[in-house]
Each structure stands twice: as C-alpha cells, then as structure tokens.
Amino acid sequence: MIIDCHTHINNYHNEDVESIQSCLDNLQLQMRRNRVDIALVLTSYKVNAGRPSTKDVVRVTRDLKNIFVVAGISYLNFSAGDLEEIREMLQDGSVRGLKLYPGYEPFYPGDPKLDPVYRLAADTGVPVMIHSGDTFNPRGKVKFSHPLHIDEVAVDHPEVNFVICHIGNPWIRDCMEVVYKNKNVYTDISGLVLGNFSDRFEQFMMKQLQEMLLYGVEPAKVLFGTDWPISSMESYIDFMEELKIPEKDKRKIMFENSANLFRLSPTDSPLTNGSFFNALR
Ligand SMILES: [Zn+2]
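What counts and how
- Residues numbered from 1 in each chain as written.
- Predicted model: local features only at pLDDT ≥ 70, side-chain atom pairs only at ≥ 80, totals over all residues.
- Heavy atoms only, no water.
- Pairing = 2+ DSSP bridges.
- Helix = DSSP H or I, 4+ residues; strand = E, 2+ residues; numbered from the N terminus.
- Contact = heavy atoms within 4.5 Å.
- Axes fitted to C-alpha atoms, helices over the stretch in contact; angles between N-to-C directions.
- Phe/Tyr/Trp six-rings, centres within 6.5 Å; stacked < 30°, edge-to-face > 60°.
- Buried < 20%, exposed > 50% of the residue type's maximum accessible area, 1.4 Å probe, protein only.
- Donors = N, O, S within 2.8 Å, 3.2 Å for Na, K, Ca; no water.
- Polar contact = N/O pair within 3.5 Å; in protein donor to acceptor, adjacent residues only side chain to side chain.
- Patch = residues over 30% accessible without salt bridge, like charges linked within 9 Å, V, L, I, M, F, W, Y side chains within 5 Å.
- Areas by Shrake-Rupley, 256 points an atom, 1.4 Å probe, with all protein chains shown as cover.
- Salt bridge = Lys/Arg side-chain N within 4 Å of Asp/Glu carboxyl O.
- Lys, Arg positive; Asp, Glu negative; His and termini not counted.
- Charge placed at Lys NZ, Arg CZ, Asp CG, Glu CD.

Here the focus is the sheet that holds strand 3 (residues 67-72). A sheet is described by the order of its strands in space; here 8 strands give the open sequence 1-2-3-4-5-6-7-8, paired in parallel fashion. In the strand order of this sheet, the two ends are held by strand 1 (3-7) and strand 8 (222-223), each with one partner. Relative to strand 8, strand 7 (residues 185-188) is paired through 2 bridges, and the arrangement is parallel. Bridge pairing in strand 8 links Asp 188 to Leu 223. Here helix 2 (residues 54-61) sits on the sheet in contact with strand 2 (38-42), strand 3 and strand 4 (95-100), set at roughly 175° to strand 3. Along the sheet, helix 6 (residues 172-181) contacts strand 6 (162-164) and strand 7; its crossing angle with strand 7, the most-contacted strand, is approximately 140°.

Counting across every chain of the model gives 13 aromatic pairs. Judged by centre distance (6.2 Å) and plane angle (70°), the ring pair of Phe 224 and Tyr 236 falls under edge-to-face. Placement of the pair is Phe 224 in the loop between strand 8 and helix 8 (233-242) and Tyr 236 in helix 8, with a sequence separation of 12 residues. Note on accessibility: Phe 224 and Tyr 236 belong to one class, buried.

It is worth spelling out the coordination of the zinc ion at this point. With distances of 2.1 Å, the protein atoms coordinating the zinc ion are His 6 (NE2), His 8 (NE2) and Asp 227 (OD). Each donor residue of the zinc ion belongs to the same chain, and together they define the spacing H-x1-H-x218-D. Taken together, the residues span a long stretch of sequence, with His 8 in the loop between strand 1 and helix 1 (20-33) and Asp 227 in the loop between strand 8 and helix 8 at a distance of 219 residues. Summarising the burial analysis for this pair, His 8 and Asp 227 share the class buried.

With that settled, the discussion passes to the environment of Ile 253. Summarising the element assignment, Ile 253 is placed in helix 9 (residues 247-261). Assessed through its relative accessible area of 3%, Ile 253 is described here as buried. Residues contacting Ile 253, with those up to four places away along its chain left out, are Leu 213, Pro 219, Val 222, Leu 223, Phe 224, Met 240 and Ile 245.

Looking at where Thr 43 falls in the secondary structure, it is placed in the loop between strand 2 and helix 2. Under the relative-accessibility criterion, Thr 43 is labelled buried at 2%. Taking the C-alpha atoms as reference, Thr 43 lies 7.9 Å from Lys 99; in sequence the two are 56 residues apart. When near neighbours in sequence (up to four residues on either side) are disregarded, Thr 43 contacts Pro 52, Ser 53, Thr 54, Val 57, Val 69, Val 70, Ala 71, Gly 72 and Tyr 101. Within the structure, Thr 43 has its side chain in polar contact with the backbone nitrogen of Gly 72 (distance 2.7 Å).

Further remarks concern a negative patch on the surface. A cluster of acidic residues, Asp 199, Glu 234, Asp 238 and Glu 242, forms a negative patch at the surface. If one sorts the elements of the negative patch by residue count, helix 8 sits on top with 3 residues. Within the secondary structure, Glu 242 is located in helix 8.

Any link to function would need more than the numbers given here.
Put into structure tokens, the structure is as follows:
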C-alpha cells in the first residue's frame with residue numbers, strides 16, 4: 001500500500017494546455033506504474049485554463065476510488081461562499097483537506113483573515129496543508145513560506161492538524177523543530193527535486209531525512225508525497241526504497257500516517273493487491 005499525499009493535475013507550462021481528463025489519465029498511469037494505491041490531488045490557489053477549480057477536480061474524480069482532493073484556498077480571493085461550497089465537499093468526503101500557499105501569495109499563515117479557514121478545518125476534522133520553503137515560481141516571496149511561521153498557527157489552533165509541505169526545504173531544521181514541538185504538525189517530503197533525483201542529491205536528502213528522524217521527529221509525523229508532475233513519482237519511490245530506516249517506520253511514512261490523517265481506508269483503493277514496494281523485496 002502506498003499513498004501519495006501530494007500531487008497536482010495542473011499544467012505548469014503554458015504551451016499546449018492539457019485537458020483536465022488527460023492530466024488525470026496521466027496521473028493514474030503513473031500511479032499504476034509505480035504501484036501507488038491512493039493519491040491526493042491538491043488544487044491550486046488560482047483557477048485558469050491550466051489550473052482547474054476544486055469543483056472541477058471533484059467532478060472528474062468523484063467516482064474514482066483511488067483519488068481524493070485537497071482544496072487549495074486563495075488567501076487573496078476566497079469568500080465565505082467558497083468556504084461553504086468546500087464545506088459540503090468535505091462533508092461528503094470528496095475533499096479530504098485544505099491547502100494554503102504562503103510564498104506564492106503574500107501572507108503569513110497566522111493572518112487573522114484565515115481564521116474561518118482554520119475553523120472550517122476544525123469543524124470538519126481535516127488537516128490544513130501549508131506550502132513551505134522554496135517557491136517553484138521565482139515571483140514567489142519566500143519570507144512568507146518559512147516553516148517557522150507554522151508554529152504560530154499550530155499553537156493558536158490546537159484542534160487543527162497541519163502539514164508542512166516539502167519539509168520546509170531548504171529550512172529543514174526549522175521544519176524539524178516545528179514538527180517536533182507541536183503534536184498537531186506533520187510534514188510531507190514532496191517536491192524536493194524537479195524531475196529525477198541525481199545520485200548526489202539523493203544521498204544528500206537521505207541524510208537530511210535520516211537526521212530528521214534521529215533528531216526526534218516521530219516517523220508517525222512524516223508523510224510520503226511526491227509533488228508529481230513537478231517531481232518524478234518513480235524517482236521518489238526509488239528514493240524511499242533506498243532510505244535506510246526500519247521497515248515499520250517506512251510503512252508509516254508510505255501509507256499509515258496519511259491513511260490516518262486523511263481518513264483513507266486501504267479498501268478505498270481498487271488495487272487490493274497493490275504492494276508496498278512489491279512486498280518489501
Ligand atoms: Zn505541490
């Protein structure tokens with residue numbers, strides 16, 4: 001069983017915008033090839049030809065048992081009506097979490113404007129994923145996406161679980177402290193590389209992850225995610241296969257933690273014989 005808690009079906013290049021269906025087909029193909037049983041698709045903070053709305057992504061994935069949606073929320077543009085619409089999708093289970101994009105948009109997670117978002121998460125019992133660290137777009141402002149800012153919301157909203165995306169890369173140590181200190185903060189390892197890991201970078205990142213676990217971050221707080229299509233799913237699976245940590249910890253990271261946090265059941269996946277690294281060969 002493998003759960004990829006962080007994928008997108010956006011177009012990141014402006015030439016030839018691919019249809020939502022073709023992006024979704026491509027995601028499912030990658031999942032089958034890499035034996036990923038369940039994926040969460042995170043929608044964007046903006047909606048345009050290449051970035052489908054949460055409603056549209058829910059419409060095309062509603063009947064799929066292996067794909068669930070995390071609703072991106074635009075700090076600059078969200079309305080009370082948007083949150084009500086998302087509330088319904090959270091209640092019927094088609095949406096499993098919320099996502100904020102500080103850095104891409106200029107705000108700190110602790111901005112009081114976001115209180116209704118955190119209230120919605122608390123009411124419906126879903127986690128809030130927060131972009132953290134470097135921005136894929138050079139127009140982002142990284143002072144807003146430093147993982148240390150997530151400490152404030154974690155303390156002020158103890159009833160909400162938070163996920164620091166991308167282990168705060170490159171502020172991995174700061175991310176470690178915020179995850180270590182707050183029992184309601186998790187982190188995902190997605191988006192550490194564009195495309196494939198090079199051997200050297202893979203070694204470097206493995207060391208960082210092993211250090212994180214050694215430092216005191218519980219394996220129960222780390223989630224497997226790729227950021228596909230920005231990062232290669234295949235390269236990420238290889239990375240995790242090679243990571244030298246106890247198998248029981250790997251199992252938590254690869255699926256148990258996400259299954260608990262997003263309330264996903266193994267039976268949600270049609271790949272009932274989907275193996276965890278081909279039965280940990
Ligand atoms: Zn992402």
